[in-house]
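Structural features, examined
Residue-level listing of the chains:
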Amino acid sequence: MKSLRDHFLRIDARSLGLFRITFGLVLIADLFARWRWVRDFYSNEGVLPNHNHLFNLRGKQQVFSLLHSVSTEGEAHFAFALALVVYALFLLGYRTRVFHVLALVTLTSLTSRNILLENAGNYAAIALLAFTAFLPCGSRLSLDSLRASLALRDEKRDTELNDRSRVSEPEIEAERLPGWSPTSLAALAVLLQLALIYLCTALQQRGEAWRDGTAFYYALHAERLASDAGVWLRDALPLGTLRGLTFGTWAMQLAIPALLFVPAVFRWTRGIAAALMVVHGLILGILFDLGMFGWALAAAAPLVLPGELWDVYERSWNERRARTLVYDVDCGLCLTLCRLIKRLDLRGHVAFQGNGALDELYVRNQTGATERVPMPKEVTPELVEQTVLAVDRNGRVYTKGGAVTEGLLALPFGWLAWPLKLPGISHLLDVLYEVVATRRHHISVLLGKQACGIPLFDESHADGDDEGAAPARPAPVVRTARLVLGSLREAAVLVVLAAMLAQTAKENPLPGAAAVPQGRVLAGVASWPRMMARWDVMAPEPPRTNALLVIDGQTRGQQPIDPLTGEEPRLQPAGHPGARLGQLWSDYLDRVRRPEWSDFQRAFRDYLAKGGPLSADGGREMALSGYDAYWVSAPTPAPGEPAPTGFEREKLFSHSRGGTGKLGERIPPLSPGLVRPKQPN
């Protein structure tokens, strides 16, 4: 039973910490992608002023966004700067629970400010943030856990630094120490959410292109779906490779849910599921402009890593990475840095030695024990007074900046420090080291550390030493408070989980979905934070036409221009510069043209009349005296067939005196099915 409980109702604290880091990076990347268009999508100078957005919704959607209080471009920039601070502190794990909730509110606000921009990537990211907010994502690999660990053990000697004994699981559980992760329904909710995303996506991809393996071919030839890398690769990759990617991606979407719920005796399948999640997410993220969808799923892969894999990783040992750091025992700053390195050294590659005794060198072996070997001859009392030393297993001695680099190389992801060994950079690091080293005692005082003569442990009081002893059992009032708060947490998870299941059944064609009740309460729980659970990515198949919005405009000087591109309007969709505006514009333009979003077109027309995306640089010179808006589409040729020469045009709306009219001379007659009745300007 314990194995089943840990398999389905518990996520390892290290997995939660790594998820927080990877997901924080995705959130920051998404913020910068939006920041590029902050004026156009998040201020009243853009396509949808805040009052227009709220008025057009008129109770049709349950929407909450702090950004509805933002009006000017300057205010929007300030709001984005605050969002960056929230995301950064969430990534670092400072006051993790607080900034986790704030990150969820921030992402919801960014999504809800203009619902024409939202997509499956937003829905997935918000849902994952919501469920993991109930779990201690700062219990490991965070500033919070680092501070707690430093407070738990206050090492003052090298023998204490070399003590890598671990606190037992009961002690961690009793005092909520770093590494604590509760048994919670939230863990099961995370697994269910991930499984449903993959399963619903696969079940809806039922089109012929997915069955014959051409889905990726057509998706990469749809300019609004393909990323820059996808556009480049669609001609470089043979059709057979694209078919393999199509079938492989679809198969992964079915395999991952099955691997997540294999019984606990096969826990290693979780590692396979995590690897497939990363591969699947990178394929979608690199090849397509789907917002955060692929990246968020790849960033969520650490959530399914079992504790056994972490234990294997921490027990692994590489002799080439083993280092001994010889530090100044009279420097409070040096001791503090060694304490930090000890906590970052997950695999135990680093041994520590004070410079007070140089007869022998401490080294760590594969078992984690500390051995003594002869000290290299070049290590002298004069040398250790001048610099920190790093000594590898072959006896090579590194000093100054080189010692810092070697210490970093011994840590996880140490390969990131290799650039510090390059000529020029290494010399600059030596100079920086000298600046700090000559002031290390003064810096120690500023940090509240003793500058020299650090008091060592008084062995005469050994009988009264309680360091490393088991923490006292929590008081009854503390246990009662934890029980009450834990019960409230589980009740809240149950409500959100029920809302997610009902919303998923509503939005996706699952077997028996119609029988799942929702009700107003559960609908509100899903709708207000925009957990819409709409997993129709490239479903039932990618479009077989290449389509985009073209503006035939003219400036006040009667110069033809498309305000979306800054170039003369042209109707050929293939290679059109308007398709490279990015995912936000692609989603917005595809929706604003549709009849169901016609209420939002007036603000968009006014925005275009002012000059569109170019008006911020061109001022009144970019304002248009008139324009015509067309939805232009051309069929994507089947594999091996020549590109079609014809395309079709659908006029959406006009402004003022209209465009130049020259585009009509170069297009074929409209198909009867594409002609729309004229609408008033």
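As the structure is a prediction and not an experimental result, all values here were calculated from the model.

Reading the values: the criteria
Residues numbered from 1 in each chain as written. Predicted model: local features only at pLDDT ≥ 70, side-chain atom pairs only at ≥ 80, totals over all residues. Heavy atoms only, no water. Patch = residues over 30% accessible without salt bridge, like charges linked within 9 Å, V, L, I, M, F, W, Y side chains within 5 Å. Areas by Shrake-Rupley, 256 points an atom, 1.4 Å probe, with all protein chains shown as cover. Salt bridge = Lys/Arg side-chain N within 4 Å of Asp/Glu carboxyl O. Helix = DSSP H or I, 4+ residues; strand = E, 2+ residues; numbered from the N terminus. Buried < 20%, exposed > 50% of the residue type's maximum accessible area, 1.4 Å probe, protein only. Pairing = 2+ DSSP bridges. Contact = heavy atoms within 4.5 Å. Axes fitted to C-alpha atoms, helices over the stretch in contact; angles between N-to-C directions. Left-handed = near helix turned anticlockwise from the far one by under 90°. Nonpolar A, V, L, I, M, F, W, Y, C, P; charged D, E, K, R; others polar. Parallel < 35°, antiparallel > 145°, perpendicular 65-115°, else oblique. Polar contact = N/O pair within 3.5 Å; in protein donor to acceptor, adjacent residues only side chain to side chain. Core = buried A, V, L, I, M, F, W, Y, C linked by side-chain atoms within 4.5 Å. Lys, Arg positive; Asp, Glu negative; His and termini not counted. Right-handed = clockwise from strand over helix to strand, strands pointing away. Phe/Tyr/Trp six-rings, centres within 6.5 Å; stacked < 30°, edge-to-face > 60°.

What follows concerns a nonpolar patch on the surface. On the surface, Val278, Leu282, Ile286 and Trp295 cluster together into a nonpolar patch covering about 310 Å² of accessible area. Here the nonpolar patch gets three residues from one element, more than from any other, and that element is helix H16 (residues 269-287). Relative to the helices and strands, Val278 resides in helix H16. Classification of Val278 by relative accessible area gives partly exposed; the value is 33%.

With that settled, consider the environment of Gly74. Take Gly74: it is sitting in helix H5 (residues 73-92). For the pair Gly74 and Val38, spaced 36 residues apart in sequence, the C-alpha to C-alpha distance is 9.5 Å.

By the criterion of burial, strand S7 (residues 545-555) is predominantly enclosed, with 10 of the 11 residues buried. The pairing of S7 with strand S9 (residues 624-635) spans 11 bridges and is classified as antiparallel. Within S9, the position partnered with Val550 by the bridge is Tyr630. Sheet analysis places S7 next to strand S8 (residues 560-561), joined by two bridges and oriented antiparallel. Paired with Gly553 across the strands is Ile561, a residue of S8.

Our focus in this paragraph is the sheet that holds S9. Strand order in the open sheet formed by four strands is S8-S7-S9-S10, with antiparallel pairing between adjacent strands. Only two strands of the sheet have a single partner each, and these edge strands are S8 and strand S10 (648-656). Most of the contacts of helix H27 (residues 601-609) go to S10, to which it runs at about 75°, and overall it touches S7, S9 and S10.

Excluding glycine, a negative phi dihedral is what most residues carry, and trans is how most peptide bonds are arranged. Residue Ala539 is joined to Pro540 through a cis peptide bond whose omega torsion reads -5°. Mapped onto the fold, Pro540 is located in the loop between helix H25 (519-527) and S7. Positive phi outside glycine occurs at Arg530, with the angle close to 65°. The residue Arg530 is located in the loop between H25 and S7 in this model. Take Arg530: its relative accessible area is 1%, and that puts it in the buried class. Positive phi outside glycine occurs at Ala533, with the angle close to 55°. Inspection of the secondary structure puts Ala533 in the loop between H25 and S7.

What follows concerns the sheet that holds strand S6 (residues 397-399). Backbone-to-backbone hydrogen bonds join strands into a sheet, with any given pair of strands oriented parallel or antiparallel. The four strands are arranged S2-S1-S5-S6 in an open sheet whose pairing can be described as mixed. Edge positions in the sheet fall to strand S2 (350-354) and S6, since each has one partner strand and no second. Between one strand and the next, the sheet's axes are offset by a mean angle of 25°, whatever the strand orientation. Across the sheet, helix H21 (residues 400-409) touches strand S1 (323-327), strand S5 (389-392) and S6, and the angle it forms with S6 is around 115°.

Each pair of packed helices can be described by the angle between their axes along with the distance between the axes. Two elements in contact, helix H15 (residues 239-260) and H16, have axes separated by 9 Å at closest approach and are oriented at 145°. The two elements H15 and H16 meet at a crossing, and its hand is left-handed. In this structure, H15 contributes Leu245, Thr249, Met252, Gln253, Ala255, Ile256, Leu259 and Leu260 to the contact, and H16 contributes Thr269, Arg270, Ile272, Ala273, Leu276, Met277, Val279, His280, Ile283, Leu284 and Leu287. Residue composition of the contact of H15 with H16, by class: 14 nonpolar, four polar and one charged.

Let us now look at helix H26 (residues 583-592). Of all 10 residues that make up H26, nine are buried, and the element is covered over most of its length. Those residues of H26 not exposed but buried are Gln583, Leu584, Trp585, Ser586, Asp587, Tyr588, Leu589, Asp590 and Val592.

The next subject is the packing of helix H11 (residues 185-204) against helix H24 (residues 476-507). Relative to each other, H11 and H24 sit at 5°, their axes nearing to 10 Å. Classified by the angle their axes make, H11 and H24 are roughly parallel. For the pair H11 and H24, contact is made by Leu185, Ala186, Ala189, Leu192, Gln193, Leu196, Cys200 and Gln204 and by Glu490, Val493, Leu494, Leu497, Met500, Leu501, Thr504 and Glu507, respectively. Across the contact of H11 with H24, the residue classes tally to 11 nonpolar, three polar and two charged.

Turning our eyes to something else, we now look at the environment of Arg176. Tracing the backbone through its elements, the reader meets Arg176 in the loop between helix H10 (169-175) and H11. A relative accessible area of 35% places Arg176 in the partly exposed class.

Okay, the side chain of Ser586 next. Along the chain, Ser586 falls in helix H26. The class for Ser586 is buried, based on a relative accessible area of 9%. Within the local environment of Ser586, its side chain forms a polar contact with the backbone oxygen of Gly582, the two atoms lying 3.0 Å apart.

This paragraph deals with the nonpolar core. Counting residues in hydrophobic clusters, the biggest one holds 127 residues, and the most contacted among them are Trp585, Tyr588 and Phe604. In terms of nonpolar packing, the next biggest core, distinct from the first, is built from 15 residues, Leu161, Leu335, Ile341 and Phe352 among them.

Turning our eyes to something else, we now look at the side chain of Arg20. Within the secondary structure, Arg20 is located in helix H2 (residues 13-35). Asp144 is the oppositely charged side chain nearest to the buried, salt-bridge-free Arg20, at an N-O distance of 7.6 Å. Polar side-chain contacts of Arg20 include one of 3.1 Å to the backbone oxygen of Leu91. There is a polar contact of 2.7 Å between the side chain of Arg20 and the backbone oxygen of Cys137.

Among the five residues in S1, five count as buried, and that is most of the element. On S1, burial covers both faces: Arg323, Leu325 and Tyr327 on one face and Thr324 and Val326 on the other are all buried. Note that S1 and S2 share five bridges and pair parallel. Each bridged residue has a counterpart across the sheet, and for Tyr327 the counterpart in S2 is Gly354. Considered for its hand, the β-α-β crossover made up of S1, helix H19 (residues 332-344) and S2 is right-handed. Note that S1 and S5 share four bridges and pair antiparallel. Across the sheet, the residue bridging to Thr324 is Val391, located in S5.

Tallied over the entire structure, the rule returns 21 aromatic pairs. On the basis of an interplanar angle of 55° and a centroid distance of 5.6 Å, the ring pair of Trp35 and Phe80 is categorised as tilted. One end of the pair, Trp35, is in helix H2; the other, Phe80, is in helix H5, with 45 residues separating them in the sequence. Since its relative accessible area comes to 1%, Phe80 is described here as buried. Here Trp37 and Trp585 contribute two aromatic rings whose centre-to-centre distance is 5.8 Å and whose plane-to-plane angle is 90°, an arrangement assigned as edge-to-face.

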